Amino acid sequence: MSDAIINRVSESLLTTIDLEEFYPKGETVVFDMKDHLFMGLILKEKDFREALKILDLSVYTGKNVAVTCTADAVIPMWAYMLVATNLQPVAKEVVFGNEDFLHKTLFLKNLAAINVKDYEDKRVVIKGCGDLPISETAYVEITKLLRPVVKSIMYGEPCSTVPIYKKPK
């Protein structure tokens with residue numbers, strides 16, 4: 001009688017997706033509109049345009065930029081568009097919102113690049129533990145992307161999973 005240990009996990013034909021592989025990379029910086037407003041509250045078009053002309057763009061070069069306004073000010077839409085026009089040529093990515101929203105947007109963009117056909121009719125485990133904080137947004141998005149094509153979705157580690165979805169027979 002053989003006492004060989006059989007690794008049933010490796011033989012299970014599970015495909016594991018580690019969401020940390022899609023974690024946004026690159027430095028993030030916030031462009032706060034209030035820093036370019038008169039008295040931190042009022043947008044004067046001429047002054048605002050001038051401030052953008054002399055803006056040190058090297059601070060934003062190659063970085064992910066969140067454009068926001070932390071002051072309780074009324075900002076016309078064209079002002080956000082003007083900021084984006086100035087930042088877009090140098091920044092890696094420009095998003096309206098706070099740093100958390102920027103992070104989630106970049107994560108979703110990375111997940112959208114997945115070729116779901118690679119997972120067609122496969123049993124997929126979405127890794128649940130890791131070193132980086134993965135938001136609920138990413139778990140919902142990966143589930144939405146995979147559900148139409150996979151045989152099943154599980155959460156956790158291959159040796160201990162929680163069933164999420166199983167394609168009806």
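Please read these numbers as outputs of a predicted model, since none were measured by experiment.

What counts and what doesn't
Residues numbered from 1 in each chain as written. Predicted model: local features only at pLDDT ≥ 70, side-chain atom pairs only at ≥ 80, totals over all residues. Heavy atoms only, no water. Patch = residues over 30% accessible without salt bridge, like charges linked within 9 Å, V, L, I, M, F, W, Y side chains within 5 Å. Areas by Shrake-Rupley, 256 points an atom, 1.4 Å probe, with all protein chains shown as cover. Salt bridge = Lys/Arg side-chain N within 4 Å of Asp/Glu carboxyl O. Lys, Arg positive; Asp, Glu negative; His and termini not counted. Charge placed at Lys NZ, Arg CZ, Asp CG, Glu CD. Helix = DSSP H or I, 4+ residues; strand = E, 2+ residues; numbered from the N terminus. Buried < 20%, exposed > 50% of the residue type's maximum accessible area, 1.4 Å probe, protein only. Core = buried A, V, L, I, M, F, W, Y, C linked by side-chain atoms within 4.5 Å. Contact = heavy atoms within 4.5 Å.

*Asks:* I tried to follow a positive patch on the surface on my own but got confused; where do I start?
*Replies:* On the surface, a cluster of positive charge is contributed by Arg123, Lys151, Lys166 and Lys169. Relative to the assigned elements, Lys169 resides in the segment after strand 7 (160-166). Taking the relative accessible area as the measure of exposure, Lys169 reaches 97% and is therefore exposed.

*Asks:* Mind showing me how you'd approach the nonpolar core here?
*Replies:* Generally speaking, nonpolar side chains in soluble globular proteins are found buried as a group. By size, the foremost hydrophobic cluster in this structure holds 21 residues, and its most contacted members are Phe31, Met33 and Ile75. Elements that contribute at least two residues to this core include exactly strand 2 (28-32), helix 1 (45-53), strand 3 (64-68) and helix 2 (77-87). Looking at which element gives the most residues to this core, the answer is helix 2, with five residues. Here Met33 is in contact with Phe48, Val67, Thr68, Cys69, Ile75, Ala79, Tyr80 and Val83, once residues within four sequence places are set aside. One finds Phe107, Leu111, Ile126 and Tyr165 within the second-largest nonpolar core, a separate group that totals 19 residues.

*Asks:* Looking at this structure, how should I read the pattern of salt bridges?
*Replies:* Side-chain pairing between opposite charges can occur once the charged atoms of the two side chains come close. By the definition in use, this model includes eight salt bridges. In this structure, Asp18 engages Lys127 in a salt bridge whose closest nitrogen and oxygen atoms are separated by 3.7 Å. Linking Asp18 in the loop between strand 1 (14-17) and strand 2 with Lys127 in strand 5 (residues 123-127), this pair joins segments that are 109 residues apart in sequence. Among the residues examined, Asp18 registers a relative accessible area of 16% and is labelled buried. Of the charged contacts in the structure, one is a salt bridge between Lys144 and Glu141, with a shortest N-O distance of 3.2 Å. Placement of both Lys144 and Glu141 in helix 4 (residues 136-146) is noted, with a separation of three residues, approximately one turn of the helix. A relative accessible area of 55% means that Lys144 is categorised as exposed. Of the residues examined, Glu141 reaches a relative accessible area of 18% and is grouped as buried.

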